[in-house]
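In case you want the letters, here they are:
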Amino acid sequence: MFKYLSKIELKQSIFYYLFLFIFFFFWNFFSLFIVFFYLNIQNLIQTYEDKLPINLLIFSETNPLNILNLSSEIKKIPYVKNIVVISPEELLEKSKKDFPSEILKVFSKEELKSQFPYILKIYPSSIKDYPALKAQLSLLTKTNSNIEISEPGFFKLIYFAYFFKLGFLVLAITWTLFYLIFLYFLNTLINSYLKSQTQIFLLLGGTLKKFKFLRFLFVGLVLIAAFIYSALVYFYISDSLSSIIPLFKTYPNFSQEYHLLYFGIYIFLTIFLLPWLTIIVSYKNYEI
Amino acid sequence: MTLITLQNVSKIYPPFFKALININLEIYKGDFIILTGPTGAGKTTLLKLIYREERPTSGEIFYENIPYSKIKSKELSFLRQNLGIIFQDYKLFSDLTVYENIKISLVLSKKFVKDTKLLIYEYLERFNISQKAQKKVKELSGGEQQKVGIIRAIIRNPEILIADEPTGNLDPASINEILEIFKEFNKEGKTVILATHDPVILNQNLGKVVKLNRGELLEDV
């Protein structure tokens, strides 16, 4: 019986299965890349979030007590997590090795020290508090011309990455919904294309169970094939990207158990559960 | 014993076309019912209601006193397994061969057959189309397709045989052959419901004639 029904199903709807293959090849490919970028950005944020302060440079200040007062004032700002004070002496010591020897001969230590500022390394509580903290600190620079703000060049990049991370989550949900809607419409389309044949089968005393099972089998096989091909392409490209840009890592990392678990759940959802659900829903109210 | 009862059955196709109006009919086990009337009288609609391709707009149909409205889809397949239906438009699986079309019907009827292949070929021989057994149905002529539809219905030896204009595309010899088969069926105590307006069949006094006109039951002779 399955042999005959398979013949009916495939002969009538081979084009739709081909379409499903192409669709899922690209859908899965982009899904894996969404995860790849999402996890790499998350990784990047975690690496740099606690390490990137806003630097406040205070020139022409010789009294450490004033610096301490300023530091405790800044600490009261709600977005501040921590402040590290670097004195001109420490800065000079750190920079000495990079100076040309002539400078060290010509200028005394005190003269050099007077050219160096106090640095307040101000760490925000969270990367998203960065603009608000910067706005508060800018007020200080406006009232005192000896104070300057210095921010690391790629701090902004990390800040935007934080929002990209949120954007990716929205994208992932939309992407999954797109897949679900596509599967539902594809199944409905095949159902309507096979309607007359299915009706004959039902009128002869058959049930929809066999058709549902066959559809699931064919859809599953097509999805598995498309998955294998697109995953191979993804791993090839992501490996190449990781070797060019060392900041990027290939995900999933099969040596990590939880990566394997998430990857397994992803496969179960996209190849088995969601297709099965859409098949069931598409056949609802189909009985005659 | 009442096999099928139609009680105040009406069928209206949206928006206003009244295909059947307030039909009351009782079909007993072993009846040979000839459903007749001009084209558009509602014969096919009435048959579709009996094998439940369509549902009535109002009224109720009973199968052995069980209302159709209470029959679940799983039970419906059991009911249909006991029916042999010859459709006016044949309703064959166009991509399958003659043999495969008949085998599906036989398998779905869940009747035990010792040698399926032999039985199918016996019927094909009887209707002179055994040489077409491995041909796809869509490659056959209208008359040959009608024969396949008839074999598919009768080979499962159903309790009720429903035939909708089964002789439209057949030659006189084949018509007589089919009528003989219908009579044999009926002699075995099985129920036959035949919709036709073919005078050759009507003149043969095969059984109870039920006349329909514009959706109304005119006489129940």
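Residues numbered from 1 in each chain as written. Chains lettered and ligands numbered in written order. Predicted model: local features only at pLDDT ≥ 70, side-chain atom pairs only at ≥ 80, totals over all residues.

Let's talk about the interface of chain B and chain A
At the interface, 18 residues of chain B touch 15 residues of chain A. Looking at the side of chain B that touches chain A, the elements that each hand over two or more residues are α2 (73–81) and α3 (98–109) of chain B. Residues of the side of chain B that touches chain A, tallied by class, amount to seven nonpolar, five polar and six charged. (Contact = placed C-beta atoms within 7 Å. Helix = DSSP H or I, 4+ residues; strand = E, 2+ residues; numbered from the N terminus. Nonpolar A, V, L, I, M, F, W, Y, C, P; charged D, E, K, R; others polar.)

Focus on the pairing of strand β1 (residues 54–58) of chain A
Residues and elements named next belong to chain A. Only one face of β1 is buried: it carries Ile54, Leu56 and Ile58, and the other face, with Asn55 and Leu57, is open. Pairing of β1 with strand β3 (residues 118–124), which is carried by five bridges, proceeds in the antiparallel orientation. Counterpart to Ile58 in the pairing with β3 is Tyr118. In this sheet, strand β4 (residues 147–150) lies alongside β1 in antiparallel orientation, the contact comprising four bridges. In the sheet register, Ile58 faces β4, and the bridge partner there is Ile147. (Buried ≥ 20, exposed ≤ 12 C-beta atoms within 10 Å, placed from the backbone. Pairing = 2+ DSSP bridges.)

Considerations on the packing of α3(B) against helix α5 (residues 142–154) of chain B
The packing of two helices is summarised by the inter-axis angle and the distance between the axes. Residue and element names in this part refer to chain B. Two elements in contact, α3 and α5, have axes whose closest approach is 8 Å; the angle formed by their N-to-C orientations is 25 degrees. With respect to α5, the element α3 is oriented roughly parallel. For the crossing formed where α3 meets α5, the hand is right-handed. Across the interface between the two elements, Val98, Asn101, Ile102 and Ser105 of α3 pack against Val148, Ile151 and Arg152 of α5. (Axes fitted to C-alpha atoms, helices over the stretch in contact; angles between N-to-C directions. Parallel < 35°, antiparallel > 145°, perpendicular 65-115°, else oblique. Left-handed = near helix turned anticlockwise from the far one by under 90°.)

Some points on the pairing of β3(A)
All names here are of chain A. Summarising burial for β3: five of the seven residues are buried, a large majority. In this sheet, β3 lies alongside strand β2 (residues 80–86) in antiparallel orientation, the contact comprising six bridges. Bridge pairing links Ile83 to Ile122 in β3.

A short note on unusual backbone geometry
With an omega dihedral of -5 degrees, the bond running from Tyr251(A) to Pro252(A) counts as a cis peptide bond. Residue position: Pro252(A) is located in the loop between α9 (208–244) and α10 (257–282). At the junction of Pro14(B) and Pro15(B), the peptide bond is cis and its omega measures out at 0 degrees in the coordinates. Locating Pro15(B) in the fold gives a position in the loop between β1 (2–13) and β2 (17–28). Of note, Glu165(B) is a non-glycine position whose phi angle comes to about 45 degrees, a positive value. The residue Glu165(B) is located in the loop between β7 (160–164) and α6 (172–187) in this model. Here Arg214(B), not a glycine, exhibits a phi torsion of approximately 50 degrees, which is positive. Tracing the chain through its elements places Arg214(B) in the loop between β9 (208–213) and β10 (216–220). A count of 14 C-beta atoms within 10 Å places Arg214(B) in the partly exposed class.

Description of the environment of Gln46(A)
Residue and element names in this part refer to chain A. Following the sequence through the fold, Gln46 ends up in helix α1 (residues 2–48). What makes Gln46 exposed here is the crowd of 9 C-beta atoms within 10 Å. C-alpha separation for the pair Gln46 and Tyr4, spaced 42 residues apart in sequence, amounts to 57 Å.

Comments concerning the sheet that holds β1(A)
All names here are of chain A. One open sheet holds the four strands; their spatial order is β2-β3-β1-β4, and the pairing between them is antiparallel. What marks the edges here is a single partner per strand, and that holds for β2 and β4. Each strand of the sheet is rotated relative to its neighbour by a mean of 20 degrees, with strand direction disregarded. Relative to the sheet, helix α2 (residues 64–75) contacts β1, β2 and β3, its axis offset from that of β2 by approximately 165 degrees. Contacting β1, β2, β3 and β4, helix α6 (residues 130–143) runs over the sheet at an angle of about 155 degrees to β4.

Description of the packing of α9(A) against α10(A)
Residues and elements named next belong to chain A. Packing of α9 against α10 brings their axes to within 10 Å, and their N-to-C directions diverge by 145 degrees. Where α9 crosses over α10, the two elements pack in a sense that is right-handed. Where α9 abuts α10, its residues Lys212, Arg215, Phe216, Val219, Gly220, Leu223, Ile224 and Phe227 lie against Ile271, Phe272, Pro275, Trp276, Ile279 and Ile280. Residues that form the contact of α9 with α10 fall into these classes: 11 nonpolar, one polar and two charged.

Topic: the environment of Lys135(B)
Residue and element names in this part refer to chain B. Looking at the secondary structure, you find Lys135 in the loop between α4 (116–126) and α5. Overall, Lys135 belongs to the partly exposed group, with 15 C-beta atoms counted inside 10 Å. Sequence separation of Lys135 and Thr45 is 90 residues, and the distance between their C-alpha atoms is 32 Å. Leave out the neighbours within four places in its chain, and Lys135 touches Thr97, Val98 and Leu140.

A closer look at the confidence of the model for chain B
Of all residues in chain B, 99% attain a pLDDT of 70 or more, and the chain-wide mean is 88. Across the assembled chains, the prediction reports ipTM 0.90 with pTM 0.74. (pLDDT = per-residue confidence, 0-100.)

With respect to α2(A)
Quick reminder: α-helices carry 3.6 residues per turn. Residues three or four places apart thus point the same way. The end-to-end C-alpha distance of α2(A) is 16 Å, a good match for the 16 Å that 12 residues give at a rise of 1.5 Å each. Little of α2(A) sits inside the fold, with one of its 12 residues counted as buried. (Expected span 1.5 Å × (residues − 1).)

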